[in-house]
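A closer look at the structure
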Amino acid sequence: MRISLLAAVLVALPLLAACGGSGDKPADVTQADVSKSLQAGGLEAKFADCAAKVFVDQGISQDGLRRMIKNDAKSGNVTDMESAGMSKDDTDKAQAAATKIVTACMQSAQ
């Protein structure tokens, strides 16, 4: 079970990462936005809610969260979040969050 949850988290990160941006200041990304994006990527709602909380609590910047949830079909395979436009700091935080998600969300997914 633990391996499948870790695999789900590792699959979710690239699905969340995307390139792009706009000139206008977009609305803040919420925990609900991150959860919805994770669910669109195939995660169960309960697990996605838990994972979204960890991502937000990890302190990823709004720009980083925006880049994570923007699901561009051409960049859905991005495995290096920095190449997807995330800062090194946000990439490090997202990777740390992925580790925490495995332990923090495993019980909520059962």
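Report follows, based on the coordinates.

Rules used throughout
- Residue indices follow the written sequence of each chain, beginning from 1 at its first position.
- For this predicted model, a pLDDT threshold of at least 70 governs which residues receive local features, and a threshold of 80 or more governs which side-chain atom pairs are given and counted, while totals over whole chains, interfaces and linings are taken from all residues.
- Only hydrogens and water are set aside; all other atoms, that is, all heavy atoms of the structure, feed into the side-chain values.
- Cysteine sulfur atoms that come within 2.5 Å of each other are treated as a disulfide pair.
- Segments assigned H or I by DSSP are reported as helices when at least four residues long, segments assigned E as strands when at least two residues long, and all are numbered from the N terminus.
- Only protein chains enter the calculation, and the probe is 1.4 Å; a residue is then buried if its accessible area is under 20% of its type maximum, exposed if over 50%, and partly exposed in between.
- Axis angles are defined between N-to-C directions and span 0 to 180 degrees, where every axis is a line fitted to C-alpha atoms and, for a helix, only to the segment in contact.
- Here is the rule for angles: anything less than 35 degrees is roughly parallel, anything more than 145 is roughly antiparallel, 65 through 115 is roughly perpendicular, and the remaining ranges are oblique.
- Take the far helix as your reference; a near helix turned counterclockwise from it by less than a right angle gives a left-handed crossing, and one turned clockwise gives a right-handed crossing.
- Residue contacts are counted whenever heavy atoms from the two residues lie within 4.5 Å of one another.
- The residue classification treats Ala, Val, Leu, Ile, Met, Phe, Trp, Tyr, Cys and Pro as nonpolar and Asp, Glu, Lys and Arg as charged. All others, Gly included, are polar.
- His residues and chain termini do not enter the charge count, which takes Lys and Arg as positive and Asp and Glu as negative.
- In what follows, salt bridge is the name for a side-chain nitrogen of Lys or Arg lying within 4 Å of a carboxyl oxygen of Asp or Glu.

Here we come to the state of the cysteines. Here, disulfide denotes a covalent bond that connects the sulfur atoms of two cysteines. All chains considered together, the criterion is met by one disulfide. The side chain of C50 participates in a disulfide bridge whose partner is C105; the two sulfur atoms lie 2.1 Å from each other. Between C50 and C105, the S-S torsion sits near -90 degrees, and that sign places the bridge as left-handed. Highlighted residues: C50 in helix 3 (residues 45-57) and C105 in helix 5 (residues 88-109), separated in sequence by 55 residues. The pair formed by C50 and C105 is uniform in burial state, with each residue classed as buried.

A few words on the environment of T30. Note that T30 resides in the loop between helix 1 (2-16) and helix 2 (31-40). For the pair formed by T30 and A52, sequence separation is 22 residues and the distance between their alpha carbons is 8.8 Å.

Take the packing of helix 2 against helix 3 next. Running from amino to carboxyl end, helix 2 crosses helix 3 at an angle of 135 degrees, the nearest separation of the two axes being 8 Å. When the interaxial angle is binned, helix 2 and helix 3 end up oblique. Crossing hand, helix 2 versus helix 3: right-handed. Contacts from Q31, V34, S35, L38 and Q39 of helix 2 reach helix 3 at A45, A48, D49, A51, A52, K53, F55 and V56. Tallied by class, residues from the contact of helix 2 with helix 3 come to eight nonpolar, three polar and two charged.

Take the side chain of D90 next. Position of D90 among the secondary structure elements: in helix 5. Buried charged residue D90 carries no salt bridge. Nearest counter-charge: K93, at 4.9 Å. When sequence neighbours within four positions are dropped, the list of residues in contact with D90 reads I60, S61 and G64.

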